[in-house]
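Structural features, examined
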Amino acid sequence: MQIQPLTSNQSSEENLFDSFVIENLKSFDELIEIYQTYKQNNSDKTIILTLDDLGQAEYTSGHSINSNDLDETEGYDLSGLDKSCFEDGEHLGYLSTPSEFFIRKENLLKQAKGIDFASVCERKLTIDEAEILILEKVNRTPLDYLDEQVILKIVPVEKPYEGICGFPNGYFESDLNPFENYALAKHLFEKYNFELFGIGASLLGFFRNEKLEENKAKELISDLSKLYNTNETAFDKFFEIIKSNNYLFLKYCEYLEE
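The structure contained in this document is the topic of the report that follows.

The rules behind the values
- Residues numbered from 1 in each chain as written.
- Predicted model: local features only at pLDDT ≥ 70, side-chain atom pairs only at ≥ 80, totals over all residues.
- Heavy atoms only, no water.
- Axes fitted to C-alpha atoms, helices over the stretch in contact; angles between N-to-C directions.
- Helix = DSSP H or I, 4+ residues; strand = E, 2+ residues; numbered from the N terminus.
- Parallel < 35°, antiparallel > 145°, perpendicular 65-115°, else oblique.
- Left-handed = near helix turned anticlockwise from the far one by under 90°.
- Contact = heavy atoms within 4.5 Å.
- Nonpolar A, V, L, I, M, F, W, Y, C, P; charged D, E, K, R; others polar.
- Pairing = 2+ DSSP bridges.
- Buried < 20%, exposed > 50% of the residue type's maximum accessible area, 1.4 Å probe, protein only.
- Lys, Arg positive; Asp, Glu negative; His and termini not counted.
- Salt bridge = Lys/Arg side-chain N within 4 Å of Asp/Glu carboxyl O.
- Polar contact = N/O pair within 3.5 Å; in protein donor to acceptor, adjacent residues only side chain to side chain.
- Phe/Tyr/Trp six-rings, centres within 6.5 Å; stacked < 30°, edge-to-face > 60°.
- Lys NZ or Arg CZ within 6 Å of the ring centre and 35° of its normal.
- Expected span 1.5 Å × (residues − 1).

Before going further, it helps to spend a moment on the packing of helix α5 (residues 129-140) against helix α8 (residues 236-244). Contact pair α5 / α8: the axes reach a minimum separation of 10 Å and the direction vectors enclose 15 degrees. In terms of orientation, α5 lies roughly parallel with respect to α8. Considering how the two elements wind past one another, α5 and α8 form a crossing that is left-handed. For the pair α5 and α8, contact is made by L135, E136, N139 and R140 and by K237, F238 and I241, respectively. Split by residue class, the contact of α5 with α8 holds 3 nonpolar, 1 polar and 3 charged.

Set out below in structure tokens:
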């Protein structure tokens, strides 16, 4: 396993906060250990890891940022920004330093207001039997579904669900958008203490320190049936899997493919 700092030459997006490239992982437990170590060492921040299909996830994240004006500077006081944000006295027109991260955060939080779990469920996201089988496999053997490269992002926010500010995703019209993913992550944290720790092209990853109690696992299955507009019985096998884990992977895309 190797961990190296991600440079601005590799990704301009990472200019807003520190990021690291993780390669040659031997197990999912190893990744969780890295996550917990960085979390302990950055207790005032949130750690977000990339998950499936890194290239696609970065592509859709970039488009999601642009289409939702998440880096729009209009209306903000720019006087305290780093001097490198300006050229000939004018702002560059894009976010390029940690001093500007508050703009991304505020833009996302403003648009997420008024969106809750109930409104996310109203999006009528569906899941069929084949997708449930894939989701079961992902939750049994997560490492098989992660990209060979995982980016660890140290996002300067306190709440785990605010970590989506560091990698906003959900661009396609039939997927959950960044604000709905934020609301979903907030619901799972406040009700089940599941921390958003990972975002991919199709998946969201959540982690808690202990396994779910059986009654809470049943409540979670009820919530998932509402989220994906299906019967609770469709998740009978999934119920057993999530009871045995302290992590959870869910899809936010229209259709999950293996």
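Another aspect to go through is the sheet that holds strand β1 (residues 2-5). Sheet strands pair by backbone hydrogen bonding; their relative direction is either parallel or antiparallel. Strand order in this open sheet of 7 strands is β1-β2-β6-β3-β7-β8-β9, and the pairing throughout is mixed. Of all the strands in the sheet, the pair left with one neighbour each is β1 and β9 (247-251). Direction aside, the axes of adjacent strands within the sheet are offset by 25 degrees on average. Sheet topology note: the strand β7 (residues 195-199)/strand β8 (residues 203-207) ladder contains 4 bridges and is antiparallel. Bridge assignment links E195 to a residue of β8, and that residue is F207. Sheet strands touched by helix α6 (residues 178-192): β7, β8 and β9. Its angle to β8, the strand with the most contacts, is close to 20 degrees.

This brings us to the side chain of E100. Among the structural elements, E100 can be located in the loop between β5 (90-91) and α3 (101-112). Within the buried set, E100 has no salt-bridge partner at all; the shortest N-O distance to an opposite charge, 9.6 Å, is to R104. A polar contact of 2.6 Å, which involves the side chain of E100, links it to the side chain of H91. Here S96 takes part through its backbone nitrogen, which lies 2.7 Å from a polar atom of the side chain of E100. Setting aside residues up to four positions removed in sequence, E100 forms contacts with L81, C85, H91, Y94 and L95.

Scanning all chains against the criterion turns up 15 aromatic pairs. Aromatic pair Y35 and F197: ring centres 5.5 Å apart, planes at 55 degrees, arrangement tilted. With Y35 in helix α1 (residues 28-41) and F197 in strand β7, the pair connects residues that are 162 residues apart, well separated along the chain. Considered together, Y35 and F197 belong to a single accessibility category, that of buried residues. With a centroid separation of 5.9 Å and an interplanar angle of 50 degrees, the aromatic rings of F235 and F238 are classed as tilted. Each member of the pair, F235 together with F238, is buried. Taking NZ or CZ as reference, R208 lies 5.8 Å from the ring centre of F194, over its face.

What follows is about the pairing of strand β3 (residues 46-50). Most of β3 sits out of view: 5 of its 5 residues are buried. By the alternation rule, side chains of β3 split into T46, I48 and T50 and I47 and L49, which are all buried. As defined by bridge partners, β3 adjoins β7 across 2 bridges and the pair is classed as parallel. In the sheet register, L49 faces β7, and the bridge partner there is G198.

Within β9, 5 of the 5 residues are buried, leaving the element largely enclosed by the surrounding structure. Because side chains alternate across β9, one face comprises the buried residues Y247, F249 and K251, and the other comprises L248 and L250, equally buried. By the bridge criterion, 5 bridges tie β8 to β9 in an arrangement that is antiparallel. Bridging across to β9, L203 finds its partner in K251.

Across its 15 residues, α6 extends 21 Å between first and last C-alpha, which sits within 8% of the 21 Å expected from 1.5 Å per residue. Along α6, 11 of the 15 residues are buried, which leaves the element largely enclosed by surrounding structure. Those residues of α6 that sit buried are P178, F179, E180, N181, Y182, A183, L184, A185, H187, L188 and Y192. N-capping of α6 is provided by N177, with a side-chain oxygen placed 3.0 Å from the backbone N of F179. Of the residues trailing α6, N193 is marked for its positive phi of about 60 degrees.

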